[in-house]
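The residues making up each chain are set out below.
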Amino acid sequence: MRTAPIARRPARLSQGIGAAAGAIAFVAAASSSVVGGAVAAGGLLVLAVGLVMGTRRLLTLGGAGLLVGVLVAGLGAASAATLLLGVAATVLAWDVGGFAVDLGAELGREADTHRVEVVHATGSAAVALATAGLGYGVYLTAGGSQPVAALLLLLLAGVVLLATLDRASSGNEW
């Protein structure tokens, strides 16, 4: 008896969640800056291609494009809340997208993985939103007198730390 080959493509639900989170990051960037929106649009396009093709390298490149778009918006008139939402959505898109690729590679696209995908996405969203909320609380506690550039650098440092820890723990290439 022959069995059909396993489709080693990204898990569908996580693909959709990653794309939706990327779209939220794009809207956050584009709502405050035309240039930031254009950069984020390019990042969203690359992220989407990475999600469809199942390539972590493209996911990371797309996530970086989204992040740069949000940061460029922060140099303009974007509020701290918009920046934090954009960065949280970017990290969520990158994390859930990477999970979709890994899950598809290990179990195949046709495996029933909805429950684990929902648990992972919910946990990632909770961490991203809690971190953004904490960052906003720090921003408000400082009285808003600190420059937004300091907040941007703090966010960038957090993203770099997260990416480094993820790479070290999983052994995956970017």
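Look up a bit, the structure's there.
As the structure is a computational prediction, the values presented were derived from the model and not from experiment.

**Structural notes on the side chain of T113**
Turning to step 1, where the next piece is worked out: If you trace the backbone, T113 turns up in the loop between α4 (80-107) and α5 (114-141).
Turning to step 2, where the next piece is worked out: For T113, the side chain forms a polar contact with the side chain of E117, separated by 2.7 Å.
Turning to step 3, where the next piece is worked out: Residues contacting T113, with those up to four places away along its chain left out, are A11, L103 and L107.

**Quick look at the packing of α4 against α5**
A pair of packed helices is captured by two measures, namely the crossing angle of their axes and the spacing between those axes.
Turning to step 1, where the next piece is worked out: At their nearest, the axes of α4 and α5 sit 9 Å apart, and the two run at 155 degrees to each other. One element, α4, and the other, α5, form an angle in the roughly antiparallel class. At the point where α4 passes α5, the crossing takes the right-handed sense. Contacts between α4 and α5 involve A80, A81, L84, A88, L92, D95, V96, F99 and L103 from the former and V116, E117, H120, A121, S124, A125, A128, A132, G135, Y136 and Y139 from the latter.

**A short note on the pattern of salt bridges**
Turning to step 1, where the next piece is worked out: Tallied over the full model, the rule gives one salt bridge.
Turning to step 2, where the next piece is worked out: A salt bridge links R56 to D102; the nearest nitrogen and oxygen atoms lie 2.9 Å apart. Of the two residues, R56 sits in helix α3 (residues 56-75) while D102 sits in helix α4, which places them 46 residues apart along the sequence.
Turning to step 3, where the next piece is worked out: Look at D102 and you get partly exposed, because its relative accessible area is 24%.

**Things to note about the nonpolar core**
Turning to step 1, where the next piece is worked out: Within the largest apolar cluster, 28 residues are counted, with the highest numbers of intra-cluster contacts made by L47 and V87.
Turning to step 2, where the next piece is worked out: Those elements that place two or more of their residues in this core are α1 (12-30), α2 (34-53), α3, α4, α5 and α6 (148-170).
Turning to step 3, where the next piece is worked out: When residues of this core are assigned to their parent elements, the largest contribution, ten residues, is made by α4.
Turning to step 4, where the next piece is worked out: For L47, the residues in contact, after removing those within four places along its chain, are G18, G22, L58, L59, G62, G63, L66 and A93.

Quick notes on the rules
- Residues numbered from 1 in each chain as written.
- Predicted model: local features only at pLDDT ≥ 70, side-chain atom pairs only at ≥ 80, totals over all residues.
- Heavy atoms only, no water.
- Helix = DSSP H or I, 4+ residues; strand = E, 2+ residues; numbered from the N terminus.
- Polar contact = N/O pair within 3.5 Å; in protein donor to acceptor, adjacent residues only side chain to side chain.
- Contact = heavy atoms within 4.5 Å.
- Axes fitted to C-alpha atoms, helices over the stretch in contact; angles between N-to-C directions.
- Parallel < 35°, antiparallel > 145°, perpendicular 65-115°, else oblique.
- Left-handed = near helix turned anticlockwise from the far one by under 90°.
- Salt bridge = Lys/Arg side-chain N within 4 Å of Asp/Glu carboxyl O.
- Buried < 20%, exposed > 50% of the residue type's maximum accessible area, 1.4 Å probe, protein only.
- Core = buried A, V, L, I, M, F, W, Y, C linked by side-chain atoms within 4.5 Å.

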